[in-house]
Amino acid sequence: MERPLLGRGSALCCSYSSLKAWLPLLSWAPRYRLKWLQMDLLAGLTVGLTTVPQALAYAEVAGLPVQYGLYSAFMGGFVYTLLGTSKDVTLGPTAIMSLLCFSVVGGQPHRAVLLSLLCGLIQAGMALLRLGFLLDFISYPVIKGFTCAAAVTIGFGQVKNILGLEGIPHDFVLEVYYTFYKIPEARIGDVVLGLLSLSVLVMLVFMKKGLGSDDVPSCSTMIARRLVWTAATMRNVLVVVAASCVAYSWNAFGHPVFTVTGETSKGLPPFKPPPTSDTTANGTVVTFGEIVEDFGGGLAVIPFMGLLESIAIAKAFASQNDYRIDANQELLAIGVTNIMGSFVSAYPVTGSFGRTAVNSQTGVCTPAGGIVTSVIVLLSLAFLMPAFYYIPKAALAAVIICAVAPMVDYQVVAKMWRIRKLDLVPFVVTFLMCFWEVQYGIVGGVAVSGVLLLYHTARPQIKVSDPGMLVMELGSGLSFPATEYLSHLIHTQALQASPPRSVVLDCHHVSVIDYTVVSELRDLLRQFRLREVQLVFSRLQPSVLEVLLAADLQDFRHTDSVEAALLMETESLHDEWRGRKKRSDTDQ
């Protein structure tokens, strides 16, 4: 929905329709029904019980204390209810954003919170300036290369927790080496619990996928199916609670055989502005400018990837459930969430595909379901933090591995190979470079995609045929990078031929031309005139024809069809033949 950023008067700015554009809540709240409330409560409760264990696990991926995952998980529900345009989307910590956050701040909580503020300001600024179109320059192969590499990095990064290993470096190559090197030091308790948790999670996933749909199911079948669906949907919380009970029992009997989360901060986070400076261990003060400089390219990559991930999810579920979203309003919702989240010690968040799927499948009716989810997270922070001491890291690792495993889409490689092999280049570049530095992988992939895009712009497909004279059909638009290529082709096939040949330039695919193109066409027309042959333009778009007529090109000829251009050339040849014959008769 387009709306003015600057009003044409106080009446327009303050009108109710304008206010509804900025606050989508006003569109659905007046029509809210009791039945919607029941479904929103159920969906919010289900998503909340999924969010709590995932938030704890994703904080581990970000290298932060586990409570920061919960700090980041509740603000999105409140803000998105006011500003969001999708009934299904849930905002909160995700595996990809956690990995990106770790790659930029290296597990420093104060910097992660400041990063959230800066990302939110960038995202909100993009929304206000209507810059959402910039996301279109991140191609699908780049996205897939990044998500596959991120899934491998995140998944393998949790192997050390499954094995109970310590002292493993975070660099991916060194992490792989030292994980295998230290396998003899694995703790048997963590290995057994981690593998058991993985097995249960995988089993519940397959049970949920295997739920059939009988035409007329019996009452007992419906109850059993509902129980399986509920258990599979809440599998993360069931596994974490069960593992915590096991760890608590062993600790109570004096056998701490599991690596547990340990002490966490109790209670709700204080509402305060994010820190704009930092202090190192030796007392050196790091200024705001130095922190921003340390963030480097991550300050551009993280906001973009957060927007891309969330909007892709919103569009997918909007299409599935037959409604529309406002992309720029979604940018604003994510930006404000990250800004407000930074005041409660949150790190950058975005839309979560897994939790959004649960939200949709449970039958959520409005964004108000997010409020219920947020309340559950707040209750967990207020009352359950002491219990989180006994959550085994192996169980959280199992939750993370199962969450990121579907992101490894190996089938996409075969599809790209079958459809367009060149798309594998940015995919492979992104995938491999992400193991070096995540942000370098994304930037490298976008750069390669840009080069391929520019190459096709500079080398448009030109189909050449010869029905008596050369016909060159431009397969795409014509812009200044392509002028040299077009000129070279015309010179080699027409002007330098013996004898020189006329050319029909079929321009029905050309919608825009610029000054550089016009200048090159002027020179080509001069070259054709010197060689006494013709360059005829055919099937010009009205906008292009208007530009060429305004340029006042000498010997400019155009026709409505290729056939008319061929006929024009035939008549020109007949006139030339009659003129030569007449001169010959006169000489005799």
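Please refer to the structure placed before this passage.
What you see is a predicted model; the values in this text were computed from it and never measured.

J.: Any chance you could explain the overall build of the protein chain here in plain terms?
T.: Within the protein chain, the secondary structure is distributed over 27 helices and 9 strands. Scaling as 2.2 N^0.38, a compact globule of 588 residues should have a C-alpha radius of gyration of about 25 Å, whereas the protein chain reaches 32 Å, well beyond that. Dimensions of the protein chain along its principal axes, counting C-alpha atoms only, are 125 × 65 × 65 Å. Residue pairs in contact within the protein chain that sit at least 24 positions apart in sequence constitute 77% of those at least 6 positions apart. For the protein chain, the computed accessible surface area is about 28900 Å², with 63% contributed by carbon and sulfur atoms. If the 42 positive side-chain charges of the protein chain are averaged to one point and the 43 negative ones to another, these points end up 6 Å apart.

J.: Just to check I follow, could you spell out the side chain of T51 for this structure?
T.: Here T51 lies in helix 4 (residues 34-61). Those residues in contact with T51 that lie beyond four places of it in its chain are A73, R355, T373 and V377.

J.: Before we go on, may I ask you to explain the pattern of salt bridges in this structure?
T.: Two side chains carrying opposite charge are able to pair once their charged atoms lie near each other. Scanning all chains against the criterion turns up 11 salt bridges. Between D278 and R111 there is a salt bridge, with the nearest N and O atoms lying 3.5 Å from each other. With D278 in strand 2 (residues 278-279) and R111 in helix 8 (residues 109-128), this pair connects stretches of sequence that are 167 residues apart. Taken as a pair, D278 and R111 share a single burial class, namely buried. Ionic pairing is found between D506 and R539, a salt bridge with its closest N-O pair at 2.6 Å. Taken as a pair, D506 in strand 7 (residues 503-506) and R539 in the loop between strand 8 (535-538) and helix 26 (542-550) lie far apart in primary sequence, 33 residues in all. Since its relative accessible area comes to 2%, D506 is described here as buried.

J.: What should I look at first to understand the pairing of strand 6 (residues 470-474) in this one?
T.: Most of strand 6 sits inside the fold, with 4 of its 5 residues counted as buried. Pairing of strand 5 (residues 462-465) with strand 6 involves 4 bridges; the strand directions are antiparallel. Within strand 6, the residue paired with V464 across the bridge is M472. If you look at the hairpin formed by strand 5 and strand 6, you'll find 4 residues sitting between the two strands, and G468 has a positive phi there, around 105°. The pairing of strand 6 with strand 7 spans 4 bridges and is parallel. Opposite M472, over in strand 7, you have L505 as the bridge partner. On the question of chirality, the crossover connecting strand 6 to the parallel strand 7 by way of helix 24 (residues 483-495) is right-handed.

J.: Which parts of the structure should I look at to understand the environment of T457?
T.: Positionally, T457 belongs in helix 23 (residues 438-458). Along the sequence, T457 and G477 sit 20 residues apart, while their C-alpha atoms lie 7.9 Å from each other. Not counting residues within four places of it along the chain, the set of residues in contact with T457 comprises S479, P481 and A482. Among the polar contacts made by the side chain of T457, one reaches the main-chain carbonyl oxygen of L453 at a distance of 2.9 Å.

J.: Please explain a nonpolar patch on the surface as it appears in this structure.
T.: A contiguous nonpolar patch, built from I371, V375, L379, F383 and L384 and spanning about 450 Å² of accessible area, is present on the exposed surface. If you trace the backbone, L379 turns up in helix 19 (residues 369-384). Since its relative accessible area comes to 45%, L379 is described here as partly exposed.

J.: It is not clear to me how the nonpolar core should be interpreted in this structure. Could you clarify?
T.: Most often, soluble globular proteins have nonpolar side chains that are buried together. Counting residues in hydrophobic clusters, the biggest one holds 94 residues, and the most contacted among them are L56, L70, L100, L115, F146, I154 and F295. Tallying contributions element by element places helix 16 (residues 298-320) first for this core, with 11 residues. Setting aside residues up to four positions removed in sequence, I154 forms contacts with V61, A95, I96, L99, I400 and V404. With 31 residues, the next largest nonpolar core counts L470, L474, L521 and F537 among its residues.

J.: Please explain the sheet that holds strand 7 as it appears in this structure.
T.: Each strand in a sheet pairs with another by means of backbone hydrogen bonds, the pair being arranged parallel or else antiparallel. Spatially, the 5 strands line up as an open sheet ordered 5-6-7-8-9, and their pairing is mixed. With one partner strand each, in any of the chains shown, strand 5 and strand 9 (557-559) form the two edges of the open sheet. Each strand axis lies, on average, 25° off the axis of its neighbour in the sheet, ignoring direction. Set on the sheet, helix 24 makes contact with strand 5, strand 6 and strand 7; between it and strand 6 the angle comes to about 165°.

J.: Help me out: how do you make sense of the packing of helix 12 (residues 188-209) against helix 14 (residues 235-252) in this one?
T.: Packed helix pairs are specified by the crossing angle of their axes together with the interaxial distance, meaning the distance between the axes. Relative to each other, helix 12 and helix 14 sit at 155°, their axes nearing to 10 Å. Taken together, helix 12 and helix 14 sit at an angle that is classed as roughly antiparallel. At the point where helix 12 passes helix 14, the crossing takes the right-handed sense. Residues L193, S197, V200, L201, L204 and V205 of helix 12 touch helix 14, and the partners they reach there are R235, N236, V239 and A243.

J.: Could you clarify how one ought to interpret helix 19 in this entry?
T.: Turn by turn, an α-helix covers 3.6 residues, leaving residues three or four places apart pointing in a common direction. An ideal rise of 1.5 Å per residue puts 22 Å on 16 residues; helix 19 measures up with 22 Å between its terminal C-alpha atoms. G369, G370, V372, T373, S374, I376, V377, S380 and L381 are the residues of helix 19 that are buried. If you follow the buried residues of helix 19, they end up packed against helix 4, helix 5 (67-71) and helix 6 (75-83).

So, how was this worked out
Residues numbered from 1 in each chain as written. Predicted model: local features only at pLDDT ≥ 70, side-chain atom pairs only at ≥ 80, totals over all residues. Heavy atoms only, no water. Helix = DSSP H or I, 4+ residues; strand = E, 2+ residues; numbered from the N terminus. Rg over C-alpha atoms; globule rule 2.2 N^0.38 Å. Contact = heavy atoms within 4.5 Å. Areas by Shrake-Rupley, 256 points an atom, 1.4 Å probe, with all protein chains shown as cover. Lys, Arg positive; Asp, Glu negative; His and termini not counted. Charge placed at Lys NZ, Arg CZ, Asp CG, Glu CD. Salt bridge = Lys/Arg side-chain N within 4 Å of Asp/Glu carboxyl O. Buried < 20%, exposed > 50% of the residue type's maximum accessible area, 1.4 Å probe, protein only. Pairing = 2+ DSSP bridges. Right-handed = clockwise from strand over helix to strand, strands pointing away. Polar contact = N/O pair within 3.5 Å; in protein donor to acceptor, adjacent residues only side chain to side chain. Patch = residues over 30% accessible without salt bridge, like charges linked within 9 Å, V, L, I, M, F, W, Y side chains within 5 Å. Core = buried A, V, L, I, M, F, W, Y, C linked by side-chain atoms within 4.5 Å. Axes fitted to C-alpha atoms, helices over the stretch in contact; angles between N-to-C directions. Parallel < 35°, antiparallel > 145°, perpendicular 65-115°, else oblique. Left-handed = near helix turned anticlockwise from the far one by under 90°. Expected span 1.5 Å × (residues − 1).

These figures come from the coordinates and say nothing about function on their own.
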